Amino acid sequence: MKSRVYYFIIFLSIIFLGILSRKISFIPLWIGDFLYAVMIYFLVRIFLPSKKAFLIAFISILICYSIEFLQLYQANWIIEIRKTLFGRYVLGQGFLWSDILAYTFGIASSFLVEKIVLNYISQKSV
């Protein structure tokens, strides 16, 4: 239970940083996509706290890629959803290969940081 609280705090912090990254003009746009992937990683981690990090990374990348490829679908109903603030933040606006790259690096970074931190914590407690 304690780990879910930590993951939730990280999740909320990433949302804050992601929104902030879109408001500050000198921060490159890909940083927001990178942080989006990190957010998805920790969201999945909240729901599956005891699963291995590799599975969390795999599920996260599937979610991010699915959302990105869904942007190729242009039915009227989903376009209307994308016009809302929630739809724009969650579903995005248009497909970009650079987003796929940013998602890949975001999830890989989350995976590596989690592995390093967990390794450090487990070694410290021995």
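These numbers were taken from a predicted model, which means no experiment stands behind them. (Residues numbered from 1 in each chain as written. Predicted model: local features only at pLDDT ≥ 70, side-chain atom pairs only at ≥ 80, totals over all residues. Heavy atoms only, no water.)

Student: Outline the overall build of the protein, supporting the account with residue identities and numerical values.
Tutor: When helices and strands are counted, the protein shows six helices and zero strands. Going residue by residue from the N terminus, the α and β elements of the protein occur as α-α-α-α-α-α. Judged by the C-alpha coordinates and their principal axes, the protein covers about 55 × 30 × 25 Å. In the protein, which comprises 126 residues, the proportion classed as buried is 34%. Summing over all exposed atoms, the protein offers an accessible surface of approximately 8400 Å²; the carbon and sulfur share of this is 75%. Across the protein, the mean location of the 12 positive side-chain charges is 12 Å away from that of the 5 negative side-chain charges. (Helix = DSSP H or I, 4+ residues; strand = E, 2+ residues; numbered from the N terminus. Buried < 20%, exposed > 50% of the residue type's maximum accessible area, 1.4 Å probe, protein only. Areas by Shrake-Rupley, 256 points an atom, 1.4 Å probe, with all protein chains shown as cover. Lys, Arg positive; Asp, Glu negative; His and termini not counted. Charge placed at Lys NZ, Arg CZ, Asp CG, Glu CD.)

Student: Mind laying out a nonpolar patch on the surface, listing which residues take part and the relevant values?
Tutor: Residues V113, V117, L118, Y120 and I121 make up a contiguous nonpolar surface patch of about 460 Å² in total accessible area. Looking at the element boundaries, V113 is found in helix α6 (residues 97-124). Its relative accessible area of 48% is what places V113 among the partly exposed residues. (Patch = residues over 30% accessible without salt bridge, like charges linked within 9 Å, V, L, I, M, F, W, Y side chains within 5 Å. Salt bridge = Lys/Arg side-chain N within 4 Å of Asp/Glu carboxyl O.)

Student: Before we move on, can you summarise the layout of surface pockets with the specific residues and values?
Tutor: Approximately 730 Å³ is the volume found for the largest pocket. Only α1 (2-23), α2 (29-47), α3 (53-70), α5 (85-91) and α6 provide two or more residues apiece to the lining of the largest pocket. Looking at which element gives the most residues to the lining of the largest pocket, the answer is α2, with eight residues. A per-class count over the lining of the largest pocket returns 17 nonpolar, seven polar and five charged. (1 Å grid on protein atoms, 1.4 Å probe; cavity = no way out; pocket = protein on both sides within 12 Å on 5 of 7 lines; lining within 4 Å. Points joined across faces, edges and corners; volume = space filled by probe spheres on them. Nonpolar A, V, L, I, M, F, W, Y, C, P; charged D, E, K, R; others polar.)

Student: An account of the side chain of S21 is needed here, citing residue identities and associated values.
Tutor: By the secondary structure assignment, S21 is in helix α1. Since its relative accessible area comes to 5%, S21 is described here as buried. Among all residues touching S21, those that are not within four sequence positions of it are I27, I31, G32 and L35. (Contact = heavy atoms within 4.5 Å.)

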